Amino acid sequence: MFRTEMMDINMGPQHPATHGVLRLKLLLDGETVTDTDVIIGYLHRGVEKLCETKNYHMIEPYTDRLDYVAAMYENLGYVETVEKLMGVKVPERAEYIRVITAELQRIASHLVWLGTHALDIGAMTVFFYCFREREIILDLFEAFCGARLTYNAYRIGGLPWDLPPGWTDRARHFVKIFPERQKEYDTLLTKNRIWLGRTKGVGILRAEDAIDFGVTGPCLRSAGVDYDLRKAHPYSVYDRFQFDVPVTYNCDTYDRYLIRMEEMRQSTRIVEQALDHLPAGEVMAKVPKRIKPPAGEVYHTVEGPRGELGFYIVSQGEDKPYRMRFRSPSFVNLQALPHMIRGSLVADVVAVIGTLDIVLGDVDR
Amino acid sequence: MIFGNLLRKFLLLELWQGMWVTLKNQFRPHITVEYPRETLEFAPRFRGVPRLRRDPQTGEELCISCLLCEAICPTECISIVSEKKADGKGKDLVSFTINYERCCFCGLCVDPCPTKPITAIYMSHDYEFAGYDRDVYVADRRELVDGLPVKLYDR
């Protein structure tokens, strides 16, 4: 007469907590998740194929639109890959400005993550404060490159513009006030018992599983693996700065929160050092107007806010790439989701999606 | 120590600290503006829609129809038609249209523009575009130079 049955629940694609158009098919036993089907592709634009029809300059605006929360990193990774293929030496000043803007972008991206993650779990106040600080960074970017979200801020061989007058003072002002503001988020969340209850022990991802899944970034470092591309394979001028890579060992959502908070502090440190040692000089190397890299292939990675962001280009010596491939961290990290939420409650699914920090533009490409 | 922890737990201390932060922020100045009535000032480099401009001294149109912006545009939103001048030197611009529906505001068209000292095509500070018709967004040469006709709506 009475019987129990598994139930299929669709979460998304139009769900406020999936941070985009992500659809999850949850198989529920009561309130426990027993299996998950992750269905992606709602935002697929075929950028990789499109890149084969565009020359190397034209591709950069497209990279803006992959991970639109951290577009500076997509730009950085792309231009550095092409520079590596061509063997171009970028001027010092351009490298420093790239590091400054990229690290500011990491802070901005983590602020979006913190705000929306807290909002999903129920702490609304943090969202407003995070976006208030992000606004200052976006204003800096607007002054530097003219756009607030899709920057197209770098060019192959350097930068299209130098910093505008007064920019470094504004950036200095930001790194001065930001630690104070970050203490506010700390006060609101770190010891808050509701926050602890919702995040401690939720979404466990152990180191061996994380490595098997190919998970990178803060999600990997929360499992105790000290792997940061800025230290492991330094690119640009990252080997000249002093900063720490935070590592924790509890593998849960709360640890990933602590890691990202600490990363923001470390990014502030890097920006400070880069501003202090900003050299004078040119910002653009001598590159031909029509970019034709030699035939060959190249893979280059940068440490984005979400993890290892890789670019793979096969060139046949023409002005268009023969094949273009993006290794986007969100896509790789997302495949750990079914493993992380197996056996947990439905309410924790939202917390785990938040802690993975996925951007659907980056997942689907 | 244990007693202290219990007391802290009982008094909801960390929640009150959070409340104190929110209370402090009540008295900070507003950072938002009421958009249609107030607007923010843009950075000089702000990239709005691309436009054409005249030489400020002579008032002549600057574009020499070299087709470089058309060649670099990733979304192919610029289309230029030109014909050879009667004396055989240079070209005359017949038509220059930008399809704002396709434009992605990347600013790549401004980089290669060869006219000195100011570029013929530039990223203007205009950003408010709304229309009932798709034809509105295909701007021809006259509209690109003088600006799109702006229709104001009464509130």
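Refer to the structure presented above.
First, a word on what this report is: a plain description of the structure on this page.

Definitions and cut-offs
Residues numbered from 1 in each chain as written. Chains lettered and ligands numbered in written order. Predicted model: local features only at pLDDT ≥ 70, side-chain atom pairs only at ≥ 80, totals over all residues. Heavy atoms only, no water. Salt bridge = Lys/Arg side-chain N within 4 Å of Asp/Glu carboxyl O. Buried < 20%, exposed > 50% of the residue type's maximum accessible area, 1.4 Å probe, protein only. Helix = DSSP H or I, 4+ residues; strand = E, 2+ residues; numbered from the N terminus. Core = buried A, V, L, I, M, F, W, Y, C linked by side-chain atoms within 4.5 Å. Contact = heavy atoms within 4.5 Å. Pairing = 2+ DSSP bridges. Axes fitted to C-alpha atoms, helices over the stretch in contact; angles between N-to-C directions.

## Remarks on the pattern of salt bridges
All names here are of chain A.
So, point 1. Inspection of every chain in the model, using the stated rule, returns 33 salt bridges over all chains.
So, point 2. Residues arginine 148 and aspartate 139 are paired through a salt bridge, measuring 3.0 Å at the closest nitrogen-oxygen approach.
So, point 3. Judged by relative accessible area, which is 30%, aspartate 139 ranks as partly exposed.
So, point 4. Between glutamate 263 and arginine 221 there is a salt bridge whose closest N-O contact spans 2.4 Å. Linking glutamate 263 in helix H11 (residues 253-276) with arginine 221 in helix H9 (residues 218-221), this pair joins segments that are 42 residues apart in sequence.

## A few points about the nonpolar core
So, point 1. Core analysis: the biggest nonpolar cluster contains 112 residues, and Tyr78(A) and Leu114(A) have the highest contact counts within it.
So, point 2. Residue contributions to this core peak at 14 residues, all from helix H4 (residues 92-121) of chain A.
So, point 3. Aside from chain neighbours lying at most four places away, what touches Tyr78(A) is Tyr56(A), Ile59(A), Glu60(A), Thr63(A), Ile156(A), Phe311(A), Ile313(A) and Met324(A).
So, point 4. Formed by 23 residues, the second largest nonpolar core is a distinct cluster that contains Val49(B), Leu93(B), Val110(B) and Val145(B).

## As for the sheet that holds strand E1 (residues 7-11) of chain A
Residues and elements named next belong to chain A.
So, point 1. Taken together, the 3 strands give an open sheet; going across it, the order is E1-E2-E3, and neighbouring strands pair in antiparallel fashion. In this open sheet, the two edge strands, each paired with only one partner strand, are E1 and strand E3 (32-39). In this sheet, adjacent strand axes meet at a mean angle of 25 degrees when their direction is disregarded.
So, point 2. Where strand E2 (residues 23-29) lies against E3, 7 bridges are found, and the strand directions are antiparallel. Directly across from leucine 27, in E3, lies its bridge partner aspartate 35.
So, point 3. Against the sheet, helix H14 (residues 346-356) engages E1, E2 and E3, with an angle of about 150 degrees to E2.

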